[in-house]
2 protein chains.
Amino acid sequence: MKLAVIITLKKDVLDPQGKVIEQTLQNMGINSLKNLRQGKYIEIELDELDEKKAHNTVENICKKLLVNLIIEEYKITKI
Amino acid sequence: MKLAVIITLKKDVLDPQGKVIEQTLQNMGINSLKNLRQGKYIEIELDELDEKKAHNTVENICKKLLVNLIIEEYKITKI
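Here's a quick rundown of the structure. Since this is a predicted model, take the numbers as computed values, not measurements.

Scanning chain A from N- to C-terminus turns up two helices and three strands. Helices and strands in chain A line up, N terminus first, as β-α-β-α-β. A globule of 79 residues ought to have a C-alpha radius of gyration of about 12 Å, yet chain A, at 16 Å, is considerably larger. The long-range share in chain A, meaning contacts at least 24 apart out of those at least 6 apart in sequence, stands at 69%. Per element, the accessible surface of chain A, about 4,700 Å² overall, is 50% carbon and sulfur.

We now examine the interface of chain A and chain B. If you look at the interface, chain A gives 28 residues, while chain B gives 28 residues. With 14 residues, the top contributor of residues to the side of chain A that touches chain B is strand 2 (residues 33-46) of chain A. A breakdown of the residues in the side of chain A that touches chain B according to their chemical character gives 14 nonpolar, seven polar and seven charged. Pairing analysis gives 13 bridges linking strand 2 of chain A to strand 2 (residues 33-46) of chain B, with the strands arranged antiparallel. Within the sheet, the bridge partner assigned to A:Lys40 lies in strand 2 of chain B and is B:Lys40.

Looking now at empty space enclosed by the protein. Scanning the entire structure with this criterion turns up one cavity of 30 Å³ or more. Volume-wise, the largest cavity comes out at about 30 Å³. As for the largest cavity, its lining consists of A:Asn35, A:Leu36, A:Arg37, B:Lys2, B:Glu43, B:Ile44 and B:Glu45. Mapped onto the lining of the largest cavity, the elements with two or more residues apiece are strand 2 of chain A together with strand 2 of chain B.

When chain A is brought onto chain B, the operation consists of a screw motion whose angular component is 180 degrees and whose axial shift is 0.0 Å, with 0.0 Å RMSD remaining. The superposition operator between the copies reduces to a two-fold rotation axis. No C-alpha of chain A lies nearer the rotation axis than that of A:Lys40, which sits 2.4 Å from it. Looking at chain A, 100% of its interface residues are interface residues in chain B too, so the copies touch through the same face.

Moving on to the pairing of strand 2 of chain A. Across seven bridges, strand 1 (residues 2-9) of chain A lies against strand 2 of chain A in antiparallel orientation. Following the sheet pairing, A:Ile7 is matched in strand 2 of chain A by A:Lys40.

Further remarks concern the environment of B:Ile61. Residue and element names in this part refer to chain B. Position of Ile61 among the secondary structure elements: in helix 2 (residues 51-66). A relative accessible area of 0% places Ile61 in the buried class. Residues Ile61 and Ile44, spaced 17 residues apart in sequence, show a C-alpha to C-alpha distance of 10.0 Å.

Overall, antiparallel pairing links the six strands, which are arranged 3(A)-1(A)-2(A)-2(B)-1(B)-3(B) in an open sheet. At either end of the open sheet lies a strand with only one pairing partner, and these are strand 3 (72-78) of chain A together with strand 3 (72-78) of chain B. Taken over all neighbouring pairs, the strand axes of this sheet differ in orientation by 25 degrees on average, direction set aside. Where helix 2 of chain B meets the sheet, it contacts strand 2 of chain A together with strand 1 (2-9), strand 2 and strand 3 of chain B, and its direction lies at approximately 155 degrees from that of strand 3 of chain B.

Basis of the calculations
Residues numbered from 1 in each chain as written. Chains lettered and ligands numbered in written order. Predicted model: local features only at pLDDT ≥ 70, side-chain atom pairs only at ≥ 80, totals over all residues. Heavy atoms only, no water. Helix = DSSP H or I, 4+ residues; strand = E, 2+ residues; numbered from the N terminus. Rg over C-alpha atoms; globule rule 2.2 N^0.38 Å. Contact = heavy atoms within 4.5 Å. Areas by Shrake-Rupley, 256 points an atom, 1.4 Å probe, with all protein chains shown as cover. Nonpolar A, V, L, I, M, F, W, Y, C, P; charged D, E, K, R; others polar. Pairing = 2+ DSSP bridges. 1 Å grid on protein atoms, 1.4 Å probe; cavity = no way out; pocket = protein on both sides within 12 Å on 5 of 7 lines; lining within 4 Å. Points joined across faces, edges and corners; volume = space filled by probe spheres on them. Least-squares fit on C-alpha atoms with pLDDT ≥ 70 in both. Buried < 20%, exposed > 50% of the residue type's maximum accessible area, 1.4 Å probe, protein only. Axes fitted to C-alpha atoms, helices over the stretch in contact; angles between N-to-C directions.

Structure follows, in structure tokens:
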């Protein structure tokens, strides 16, 4: 089973990397840009057929290693 | 309009960062892990109501700045 995790900074946390991309794009002449935020995307393939168990394992992985829960939030989806 | 871009390394390109995460998780005792790959996630908010135009702008942004088309591929979705 394959699951995807999207990790983004919480709404109120400053995203300097995103801001740099945004400014660069504006300098390149793209002016319909309103906001841009960057995050991480992780694809996890598990040797597990049960969807609920797989989801729990990934949730566990997120909390233990991938996500800094103080400043980040995550979303798990099946792909 | 808000669009999301997921940028991943092409299938045949080695992903050292993903491998490190994978090994760390295995060392932490998670053994149902089969494969893990890391990518980037970018959320773009545009001042544009037409979905097709917004999609084209983001496509343009990807090709010009965000994506290295030699080793990466991207997927644009509306959120």
